Structures are given as C-alpha cells and as structure tokens.
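One-letter residues, chain by chain:
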Amino acid sequence: MIAFSVKEWSAWAPGLVDHDAWRAWAAAPWLPTGDETPALAEVPPMQRRRIERLGRMAIQTAFWCQRAEENGMPLIFASRHGDVSRSMELLEALATEQPPSPTTFGLSVHNAIAALYSILRRQRGNYLALAGGMATVETACVEAASLLADGAEDVMLVVYDAPLPAIYTDFADEPDAGFAWCWRIGQADAALPTLRLAWGSDRPAEQAGNPALPHGLDVLRFLLAGDAGLQWRCDDVTWQWRRDA
C-alpha cells in the first residue's frame, strides 16, 4: 500500500476549467465532450503552435500546478494512449507511400509532451512518461510514491488522454473523453487530503466507479467528490483507493 497527500490540483476539459466548475462536476459527473482547446497563454505563440490539443491540455494543467520559480521537482506524465492521432498521421502517410513527417514523428513519441513542457519551463530535474493500460493512474501513483520515498519533497503528476481516432472505435473499452489533470503530490500529511492505494488479486471489487467516465477521469472525480473509497478490478488485479477521514 502507498499513501500520499495531494497538495494542489488543476484540471482542464471542454466546459470545465476552474475549481468551482470541477467540484460541481464531481457532485454530478458527465462525460466531457467538445473540441475546445486550452488557451495556454503562458507559452509564446511560436512555440504554442507546435503543440497539438492533447499536449495543450496536459501542459496547461502543469503550468497551473507548478509555481514559476520552481525547478527540479520530479515530473510524471501519464497517458494511456498518448498522442495517438499523430501516430495515425504517420501510419496513413506510410500506407499511401508518402514520406512521414520528421516533426510529426518526433512529437508522436510517448514522452514528447513531457519533453516539450520541460523545455518550456527549462526544467533540469527528473521527468518520465508512462502508460499502464486502464491502470495508468495507479501505475503513475506508485511511481510518484517511489520518488517520494527516494527523497523527493514533491512530485508533479499529470494525467491526460484524448478520444481515440475513429478507426479504433471497435477496440475502445471505456468512454472516450479529452481531459487533463495535475496533482502536486507530497508525503502523507494529516492536514491535507490524503489518499491510500492498495492492490492485490484477493480483494473483490465492491464498486466499479462511474462507468460513464474513463477511469483516469473517475479517479479525479473520487478526489474532488470526497468519497471514502473507490474500488475496481483490472487484469485480475483489484485496486483499492481510500481517503483518510
């Protein structure tokens, strides 16, 4: 089991920008839809134009959660699918015997968004990008807890995803939504919202969360709604979230 406190948070999805809107959403959640894109005013226009919508969502929440003067805090960027739309552009170019774009290739790799953010903020600390299927959030939290145990004061976790291209519709196993959220995570502190995460194969899933949401967004709902717990099963592993009273 791991435990940590969420010191700060931010989130962005179409129609959901500020904390009040997100808290109201958590009380009566719905699946965010729409093509809106964050303004990302913190980034100069010449650099901003290289960043696709998924990257803008992730980087926007990271800017909101990290103070301008900070440098060196470990960063974790976690996305189940990453920027799969760029990958599709490359595959379509290859299928039609067109030369794939080097820029598209460079920005399609899973750590590209994390790298762009580190460049924009001139970060010199540790950052990584990961994917763990439907357990991507939990995998990222285990990584964050490991960094805290290794001596990091805080860790910034950014979770983000976008709707899959239409060609993947038959393979989708959870609702599609474009969203990003960021948690600034520290050691468990009784004065702050503290979460505990346990896992194993011998715990039956008592509740499945909100099936109308992708799991990554449902975990954010759990934090904001103040629920006592969230349990669900994935690949023969039951993940059990609990909140300290």
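Here we summarise the structure given alongside this text. Not measured: the values here are computed from a predicted model.

### Description of the pattern of salt bridges
Inspection of the entire model under this criterion finds eight salt bridges. Of the charged contacts in the structure, one is a salt bridge between R80 and E174, with a shortest N-O distance of 2.9 Å. Taken together, the residues R80 in the loop between β2 (75–78) and α4 (84–95) and E174 in the loop between β4 (154–161) and β5 (179–186) connect sequence positions 94 residues apart. Residues D218 and R221 are paired through a salt bridge, measuring 2.6 Å at the closest nitrogen-oxygen approach. Linking D218 with R221, this pair stays in helix α8 (residues 215–225), spanning three residues, or about one helical turn. We classify D218 as buried; its relative accessible area is 2%. By relative accessible area, R221 is classed as buried at 9%. Here the salt bridges do not stand alone but share partners, grouping K7, D154 and R184 into one network.

### Re the pairing of strand β8 (residues 237–243)
For strand β6 (residues 194–200) and β8, the ladder comprises six bridges, and the chain directions are antiparallel. Bridge pairing links G200 to T238 in β8. One ladder, built from six bridges, connects strand β7 (residues 229–234) with β8; its direction is antiparallel. By the bridge assignment for β8, Q231 is matched with Q240.

Rules of the game
- Residues numbered from 1 in each chain as written.
- Predicted model: local features only at pLDDT ≥ 70, side-chain atom pairs only at ≥ 80, totals over all residues.
- Heavy atoms only, no water.
- Salt bridge = Lys/Arg side-chain N within 4 Å of Asp/Glu carboxyl O.
- Helix = DSSP H or I, 4+ residues; strand = E, 2+ residues; numbered from the N terminus.
- Buried < 20%, exposed > 50% of the residue type's maximum accessible area, 1.4 Å probe, protein only.
- Pairing = 2+ DSSP bridges.

Taken by themselves, the reported measurements are silent on function.
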